[in-house]
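# Architecture and fold: a report
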Amino acid sequence: MPRTSMTLGKSRLVVETGAHEPGGTTIVERKGLGHPDTLADHLAERLSRAYSSYTVQHFGAVLHHNFDKLAVLGGASEVRYGGGKMTAPVRVLINGRAAPSCGGESIPVREIVESEVRDFFADRLPEVSDHLDLSFNITSNSSPGAVLTGEAIPDRTRWFNPRSIDDLRERRVRLANDTSLGTGWAPENPFEAFVRELVDHLSGPSDFRRAHTWCGSDVKLMGYWDSDAADIVLCVPQKSRHVDSRAEYIRNSKAILAECHRLAGIRLPGAEVRFRLNARDMPEKDELYLTYTGSSIESGDEGVVGRGNRVNGLITPLRPMNLEGASGKNPVYHVGKLYNIAAQRLAERLHEATDGHAEVHLVSTTGQRLDEPWRILVRLSSSDVEIDKVQGLVSEALEGFPALTDELVSDGIVLS
């Protein structure tokens, strides 16, 4: 495999060409909008965006915060044909840090967070919105490294309690908060694209769900593809208030399978696609994926940031991945968020430029400049590559972090 190594600023860039393309076998998973892990991811990101927007509006900068350790813990419910109810609330553990003030002006952190949490559930799972138990575990504790040597106050201790935005080091230079990495690849194959579309179709605001009010949003799909045929295990809950009997549940299940086969015929023409729906169902015992809210969060299940879809919206164990939970991280300097988005976008641009498979890895060193990763690895399946063009695209990606922050704060990017 031809390999070119060069220095790009203070970064080490390696470009490998003629790399092996992904094989025909694909394993892919996607969790839908009502899955507990997706709920945790999306809620954490919503809190980061709301806090960031507030501080930009009031102080002119994103103040220090992170909500990427948030968890949603399942409540309890009673489910009956034609009815049901919540019997214990869903607990939301709002774990993280946020600057509570700037220059002596208080920031209503708790009020911002509570409003966003309640609005989020009112939109995503309205049956849960009146059954929430919020636990606030938000501190403004300083990061490690503030060594006291006299009466002077270390600068680091002011990051979460700034006298003004001038106390924010990132106003002068953006440094990586951690030693971590971002990973991206492109393009998706037709099966991966189909998995994304099908899960969104069954869990999001689609014509199918609008026409079938019984269809819940806690959808999960695991698929195996070998280039000619696909096997898919799919979980789709039904809402008990809209299902009056076992026979009706079974009819609805057939409607889901018919819709799956319809979409497969369009997106994977000529392929043999086999679906297995709600594999744990035992209709003869009335053990069914029947829920009151349309999500397993109503009954004991939990969701935690970082356990769900990757930044590109898929879980792909045969593709390069990392375990960073991007949602809820600070959009200014947290590499676990920024490097994953930048790597994915760069991979897509390299795919377009080379007409082949592209893979990007950005590796940071904590405390070093955000736009100067320690290592950059680019792998391209194409052998006919203009290295100067690749270098130019990498440079553009590294220069784009301020604009990426602005896009994240203004709700321009949907993670997972």
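Everything in this summary refers to the structure shown in the same document.

## Some remarks on empty space enclosed by the protein
The gaps of empty space that remain are located by a probe, the size of a water molecule, rolled over the atoms. Taken as a whole and judged by the stated rule, the model has 2 cavities of 30 Å³ or more. For the lining of the largest cavity, the elements supplying multiple residues, two or more each, are β12 (181-186) and α6 (335-354). Sort the elements by how many residues they give to the lining of the largest cavity and β12 lands first, with 3 residues. For the lining of the largest cavity, a count of residues per class yields 7 nonpolar, 12 polar and 3 charged. Counted as a void, the second largest cavity has a volume near 30 Å³. Looking at the second largest cavity, the residues that line it are E45, S48, R49, S52, P331, K337, L408 and V409. At the level of elements, α1 (36-59) and α8 (401-409) are the ones that each hand at least two residues to the lining of the second largest cavity. Here the lining of the second largest cavity gets 4 residues from one element, more than from any other, and that element is α1.

## Observations regarding the sheet that holds strand β14 (residues 229-235)
The 4 strands lie next to each other as β3-β13-β14-β16, forming an open sheet whose pairing is mixed. Bordering the open sheet on either side are β3 (26-31) and β16 (272-277), each of which pairs with just one other strand. If you compare each strand with its neighbour and ignore which way they point, the axes differ by 15° on average. Across 6 bridges, the pairing between β3 and strand β13 (residues 220-225) is antiparallel.

## Focus: the packing of aromatic side chains
Following the criterion strictly, the structure yields 5 aromatic pairs and no others. Between F208 and W214 the ring centres are 6.2 Å apart and the planes differ by 85°, which places this aromatic pair in the edge-to-face class. In this pair, the class of F208 matches that of W214, namely buried. Taking 5.7 Å as the distance between ring centres and 25° as the angle between the ring planes, the aromatic pair formed by Y339 and F401 counts as stacked. Of this pair, Y339 sits in helix α6 while F401 sits in helix α8, and the two are 62 residues apart along the sequence. You can call Y339 buried: its relative accessible area is 0%. Since its relative accessible area comes to 1%, F401 is described here as buried. Positioned over the ring face of W185 is R319, at 3.9 Å from the centre of the ring.

Rules and cut-offs
- Residues numbered from 1 in each chain as written.
- Predicted model: local features only at pLDDT ≥ 70, side-chain atom pairs only at ≥ 80, totals over all residues.
- Heavy atoms only, no water.
- 1 Å grid on protein atoms, 1.4 Å probe; cavity = no way out; pocket = protein on both sides within 12 Å on 5 of 7 lines; lining within 4 Å.
- Points joined across faces, edges and corners; volume = space filled by probe spheres on them.
- Helix = DSSP H or I, 4+ residues; strand = E, 2+ residues; numbered from the N terminus.
- Nonpolar A, V, L, I, M, F, W, Y, C, P; charged D, E, K, R; others polar.
- Pairing = 2+ DSSP bridges.
- Axes fitted to C-alpha atoms, helices over the stretch in contact; angles between N-to-C directions.
- Phe/Tyr/Trp six-rings, centres within 6.5 Å; stacked < 30°, edge-to-face > 60°.
- Buried < 20%, exposed > 50% of the residue type's maximum accessible area, 1.4 Å probe, protein only.
- Lys NZ or Arg CZ within 6 Å of the ring centre and 35° of its normal.

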